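Listed below are the residues making up each chain.
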Amino acid sequence: MKTLVIAEKPSVAQDIVKALTPTSGKFEKHDDHFENDRYVVTSAVGHLVEIQAPEQYDVKRGKWSFANLPVIPPHFDLKPVDKTKTRLNAVVKQAKRKDVNALINACDAGREGELIFRLIEQYAGGTKSLDKPVQRLWLQSMTPQAIRDGFDSLRSNQQMQGLADAARSRSEADWLVGINGTRAMTAFNSRDGGFFLTTVGRVQTPTLAVVVEREEQIRKFVSRDYWEIHAEFAAAAGTYPAKWFDPAWKKEEDAEKKADRKWTAAEAQAIVEAVRGKTASVTEEATPTTQASPGLFDLTSLQREANGKFGFSAKTTLALAQSLYERHKALTYPRTDSRHLPEDYVPVAKQTFEMLADSGMRHLAPHALTALNNNYVRKIPRVFDNKKVSDHFAIIPTLQAPSGLSEAEQKLYDLVVRRFMAVFFPSAEYQVTTRISVAAGHSFKTVGKVLVKPGWLAIYGKEAANEVEDAKDGDKGQNLVPVQPGEQVGVESVEAKGLKTRPPARYSEATLLGAMEGAGKLVDDDELREAMQEKGLGTPATRAAIIEGLLNEKYMLREGREIIPTAKAFQLMTLLRGLQVEELSKPELTGEWEYKLAQMEQGKLSRATFMAEIAAMTEHIVKKAKEYDRDTVPGDYATVSTPCPNCGGVVKENYRRYACTGADGASEGCGFSFGKSPAGRTFEPAEVEQFMRDKKIGPLDGFRSKAGWPFVAEMALKYNEEEKNWKLEFDFGDDKKNEESGEIVEFTDEALGACPKCGSPVHEHGSNYVCSKAVPTNDQPTPSCDFKTGKLILQQPVEREQVVKLLTNGKTDVLDKFVSNRTRRSFKAMLAWNPEEGKVTFEFEPREGGKKYPARKTAATKTPFGKAAAKKTTAKTTKAPVAKKAAKPAAEKAPRKAAVGTLKPSAALMAVIGDGTYARTEVVKKIWDYIKANNLQDPADKRSIKADGKLQAVFGKDSATMFELAGIIGKHLS
């Protein structure tokens, strides 16, 4: 009989196999597991199973009303995670084997690792239990000896019951609050009709509250004038700058008041007049200071650093780190919240430095060699600390030197490597001199900072070592000219600089990640703050997804590096305050949960008690929303500057509408009003002003039909004769009405280019770009062409300049904001003219690593622009809020055609497959035939292909992976 070991990740499974081989015998490698006489080792890839409400308790979209809330099922069913069904089936198959009589949970040592295993075990058992004994492998270090030691001291399943209960409870509580909160707020906001999706969650809503609160501070901020007095002093050896300060100043509650500020021009000018032309006495104090390097990276600190240095979003940084971990094997596991290494990792760290010293990376190798020669790599407590290693340790480079990195991957790899090396280097040493110059009784301060020994700063070169040279003002720290003891210096120049206080800065992704990580500091209760100390809002693995989710739901938007909350975000915070369910927007909720879950882990609180409290909280949230019976929700509302179009009265905002309040702004008005969130999209204040002024706006995206489908439309204020008032109406840009009615169109814009169908000029028209012969004009009342392409396609705005490129070159640039109607996922594509189909279609770039295209392509054909175009899927403009399934792309509907051999290989490729013209599929097959015939697959890794003389000329290097083949071959075909 055998024991099945289930790890959380394939890399951990491989480490376990390597560690166990010397003691339990050699393992045979299979497609989805390793096996020897004693063990079967397999792995998940994170969560393979997720919880869901049983069918009879689930409420489908379209029935999101208070009548169906709250949803509190007596138990939860399980469902496979769609993306990893194949892996789940493979693991379950091993678990059900008759010769497997015991299981070892080797998932990561933490709450999530426990949950991943428990859900897989439950799913594998189905309605019955698997009924196989389980033990727990608890690892905080991945060295072979640490793994063997872990197997010698396995924990019992009962020992882990508290952790398992806490893991399940947290997962189910998040589901209950998120699902019921979202449905209750959506039901409340959809009372007037339509579907106004209003998502809330334990992590996302407090995160949004942080951003909204900062924006409220900025909006309410009143700038104040203040003055600083700057002087230049002349000593025998030269001049130096200084800034006035009050040595007797004490810190005040008003954070804007500082020792070096004066609040009236008269006071500042008085100091200027008093010291001008005078001499000053000088005292100074020199102290040596040291600066240690920052600690190793966890995911959040890496995301913050990459955002600040390169402008990478948190999502991008995670994707790059994941690629460096999974694909290139160059970094350790990135989804970690630890910034330390296990205490037995000193030898591994030394080996990593040896790899870097020999790697050929010229910008890094010399520093690695310096560390080795000077014995810097040793057991330093601030680096190696078992108590500060959670289920994962810090992100560091592996022993594998990477190659073939993209520019972005290289930047991130360098960032991690430099930080890894820096923590072992000595501290940087400075000589800091504080000089006080006193003239006419007024004190001026100058700080001089001289880098004595660069230490770890040497790894960063001029970028950090020359930081003192950039400082110019008196208190910023620069090289100072010497002043002799007792020397009197002259005031060479002095001036008062008028400045203004600034509002707090908006959050960037870097600072928002920091706020999420440190959210526990905002909690007043000592016990709850302590419980959150190591947690914050979300986990390193989920914070990027939380931010992206808030952006996708249009609660926030990016402007450059700033993150700005939208009107929808303010509306949600107003609603939560008005309904008195503010706990959903406070980090205290996470603090309270973490405190109770910690008690559960220690056996001091039962799972049943905790879940009963969550159910009660859920019922409270739904009840507050359901029973709220006032017309509006109290809040801080705006007044529109444009008068009512019907009576000229004052138009004001309330929770649901913009409404006329009469000439005095305080009466019922004339009845003019329009919804603040038509079809689930909330007006921004500037949009309301434009809409009221111009009586039209758009096209705008972000609307949703009653069934929740996204759509795009223009809106207009139109006079309704029956009601004798103005009403908001949607205009879906259906230009066919004009075409069918024969109404003459006059183009006033400059033509964008020639129609690819008939050569006539293409212009903007309504919500489309159309051929001038596709609509009735004075020159041609009867349309003769049908070329048309949308200004907004699948939520992707298509600018004029891109249409010019489409008409000139046959395709646009890669556009990255398309959103599939079917899957709701965003994707990148070019828009291209497809002469075969006679319309604009999608064209996808080959993905890095030779991954499949998003849609099947057939053989290339020539376009009128002389460039190859592949078979593409049709790009359709989303026009109206119709709750239909999106039509399948043309490439999916078309019958499969036989590939036609029209591609010519390069000379290098011809040497491998022979002369002639081929279809791409023929080329791939011939290449594989050649590889297999010559035994060029690496026996240790079948995915790797060793190049012989002929293939070297094709690959341009000594080896390639099977995933790169498609991309390589494409470069050799024309």
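Just so you know, these numbers come straight off a predicted model, no measurement behind them. (Residues numbered from 1 in each chain as written. Predicted model: local features only at pLDDT ≥ 70, side-chain atom pairs only at ≥ 80, totals over all residues. Heavy atoms only, no water.)

1. Side note on the overall build of the chain
Helix and strand content of the chain: 27 helices and 39 strands. Put simply, the chain has 974 residues, and 48% of those count as buried. In the structure as shown, the chain presents an accessible area of about 47,500 Å², 49% of it carried by carbon and sulfur atoms. (Helix = DSSP H or I, 4+ residues; strand = E, 2+ residues; numbered from the N terminus. Buried < 20%, exposed > 50% of the residue type's maximum accessible area, 1.4 Å probe, protein only. Areas by Shrake-Rupley, 256 points an atom, 1.4 Å probe, with all protein chains shown as cover.)

2. What to know about helix 4 (residues 144-152)
Within the span of helix 4, buried status applies to Ala146, Ile147, Gly150 and Phe151. One side of helix 4 holds all its buried residues, which, seen down the axis, span an arc of 140°. Looking at the buried positions of helix 4, the neighbouring elements they touch are strand 1 (2-7), helix 1 (10-24), strand 4 (39-43) and strand 7 (100-106). (Arc of directions from axis to C-beta. Contact = heavy atoms within 4.5 Å.)

3. Brief notes about the environment of lysine 773
By secondary structure assignment, the location of lysine 773 is in the loop between strand 27 (768-771) and strand 28 (788-790). You can call lysine 773 partly exposed: its relative accessible area is 33%. Linking lysine 773 and glycine 759, residues 14 residues apart in sequence, is a C-alpha distance of 9.7 Å.

4. Focus on the pattern of salt bridges
Pairing between side chains becomes possible if they bear opposite charge and their charged atoms approach one another. Counted by the stated rule, this structure contains 47 salt bridges. Glutamate 114 is paired through a salt bridge with arginine 136; the nearest N and O atoms lie 2.6 Å apart. Taken together, the residues span a long stretch of sequence, with glutamate 114 in helix 3 (residues 111-125) and arginine 136 in strand 8 (residues 134-136) at a distance of 22 residues. Each member of the pair, glutamate 114 together with arginine 136, is buried. In this structure, the salt-bridge partner of aspartate 749 is arginine 800, at a minimum N-O distance of 3.1 Å. Here aspartate 749 is found in the loop between helix 21 (736-741) and strand 25 (753-754), whereas its partner arginine 800 is found in helix 22 (residues 800-809), with 51 residues between them in sequence. According to the relative accessible area criterion, arginine 800 is partly exposed, its value standing at 29%. (Salt bridge = Lys/Arg side-chain N within 4 Å of Asp/Glu carboxyl O.)

5. Some points on the sheet that holds strand 12 (residues 279-291)
The sheet built from 6 strands closes into a barrel, its strands ordered 10-11-14-13-12-15 with antiparallel pairing. Each strand axis lies, on average, 35° off the axis of its neighbour in the sheet, ignoring direction. Bridge count for strand 12 against strand 13 (residues 428-439) is 11 bridges, and the pairing is antiparallel. Within strand 13, the position partnered with threonine 287 by the bridge is valine 432. Along the sheet, helix 7 (residues 265-275) makes contact with strand 10 (225-235), strand 11 (238-245), strand 13, strand 14 (442-453) and strand 15 (489-500), crossing strand 15 at roughly 170°. (Pairing = 2+ DSSP bridges. Axes fitted to C-alpha atoms, helices over the stretch in contact; angles between N-to-C directions.)

6. Section: the packing of aromatic side chains
Inspection of every chain in the model, using the stated rule, returns 30 aromatic pairs. Geometrically, the ring pair formed by phenylalanine 310 and phenylalanine 312 is tilted, given 5.3 Å between the ring centres and 45° between the ring planes. With relative accessibility at 13%, the residue phenylalanine 312 sits in the buried group. When the ring of phenylalanine 353 is compared with that of phenylalanine 420, the centres are 5.2 Å apart and the planes differ by 35°; the resulting orientation is tilted. Of this pair, phenylalanine 353 sits in helix 10 (residues 346-357) while phenylalanine 420 sits in helix 12 (residues 407-422), and the two are 67 residues apart along the sequence. Note on accessibility: phenylalanine 353 and phenylalanine 420 belong to one class, buried. Taken together through their ring pairs, the aromatic side chains of Tyr658, Phe672, Phe674, Phe683 and Phe691 make up a single cluster. The positively charged end of lysine 9 is found above the aromatic ring belonging to tyrosine 333, 3.8 Å away from the centroid. The ring of tryptophan 726 carries the charged tip of lysine 695 above its face, separated from the ring centre by 5.1 Å. (Phe/Tyr/Trp six-rings, centres within 6.5 Å; stacked < 30°, edge-to-face > 60°. Lys NZ or Arg CZ within 6 Å of the ring centre and 35° of its normal.)

7. Concerning the nonpolar core
Formed by 89 residues in total, the largest nonpolar core has its most connected members in Met185, Leu208, Leu512, Met556 and Phe610. If you tally residues by element for this core, the top one is helix 5 (residues 161-189), at 10 residues. In this structure, Ala321, Met361, Ile396 and Ala422 belong to the second largest nonpolar core, which totals 54 residues. (Core = buried A, V, L, I, M, F, W, Y, C linked by side-chain atoms within 4.5 Å.)

8. With respect to the side chain of threonine 566
Topologically, threonine 566 is positioned in the loop between strand 17 (562-565) and helix 17 (567-578). Among residues more than four places away in sequence, those in contact with threonine 566 are Lys554, Tyr555, Met556, Leu557 and Glu684.

9. Comments concerning the pairing of strand 1
In summary, the side chains of a regular strand alternate between the two faces of the sheet. Here strand 1 lies mainly inside the structure; 6 of its 6 residues are buried. Burial of the side chains of strand 1 extends over both faces: Lys2, Leu4 and Ile6 are buried on one face and Thr3, Val5 and Ala7 on the other. Where strand 1 lies against strand 7, 6 bridges are found, and the strand directions are parallel. Considered in strand 7, the bridge of valine 5 is made with isoleucine 104. Direction of pairing for strand 1 relative to strand 4: parallel, over a ladder of 5 bridges.

10. Section: the packing of helix 8 (residues 299-310) against helix 12
Angle between the axes and distance between the axes: these two values describe a pair of packed helices. Two elements in contact, helix 8 and helix 12, have axes whose closest approach is 11 Å; the angle formed by their N-to-C orientations is 120°. As summarised for this structure, helix 8 and helix 12 are arranged oblique, according to the angle between their axes. The two elements helix 8 and helix 12 meet at a crossing, and its hand is right-handed. Residues Leu302, Glu305, Ala306, Lys309 and Phe310 of helix 8 form the contact with helix 12, whose participating residues are Lys411, Leu412, Leu415, Val416 and Arg419. Its residues assigned to classes, the contact of helix 8 with helix 12 shows 6 nonpolar, no polar and 4 charged. (Parallel < 35°, antiparallel > 145°, perpendicular 65-115°, else oblique. Left-handed = near helix turned anticlockwise from the far one by under 90°. Nonpolar A, V, L, I, M, F, W, Y, C, P; charged D, E, K, R; others polar.)

11. Details of the environment of valine 489
For valine 489, the location among the structural elements is in strand 15. By relative accessible area, valine 489 is classed as buried at 0%. Once you skip the residues sitting within four places of it in the chain, valine 489 turns out to touch Phe233, Ala234, Ala235, Tyr240, Lys278, Thr279, Ala280, Val282 and Val483.

12. Considerations on the environment of leucine 341
Its place among the elements puts leucine 341 in the loop between helix 9 (314-326) and helix 10. In sequence terms leucine 341 and serine 141 are 200 residues apart; their C-alpha atoms lie 8.1 Å from each other. Not counting residues within four places of it along the chain, the set of residues in contact with leucine 341 comprises Leu296, Val383, Phe384, Asp385, Val389, Phe393, Ala394 and Ile396.

13. Notes on helix 6 (residues 204-220)
Given a rise of 1.5 Å per residue, 17 residues ought to cover 24 Å, and the 24 Å separating the end C-alpha atoms of helix 6 matches this to within 8%. Taken as a whole, helix 6 has its buried residues at Gln204, Thr205, Pro206, Thr207, Leu208, Ala209, Val210, Val211, Val212, Glu215 and Ile218. (Expected span 1.5 Å × (residues − 1).)

14. Re unusual backbone geometry
Here the bond from leucine 69 into proline 70 is cis, since omega is -5°, no more than 30 degrees from zero. Within the secondary structure, proline 70 sits in the loop between strand 5 (49-52) and strand 6 (77-80). The backbone of lysine 329 shows a phi angle near 55°, a positive value even though the residue is not glycine. Mapping lysine 329 onto the fold places it in the loop between helix 9 and helix 10. Looking at lysine 329, the relative accessible area reads 42%, which means it is partly exposed. Even without being a glycine, lysine 724 presents a positive backbone phi close to 55°.

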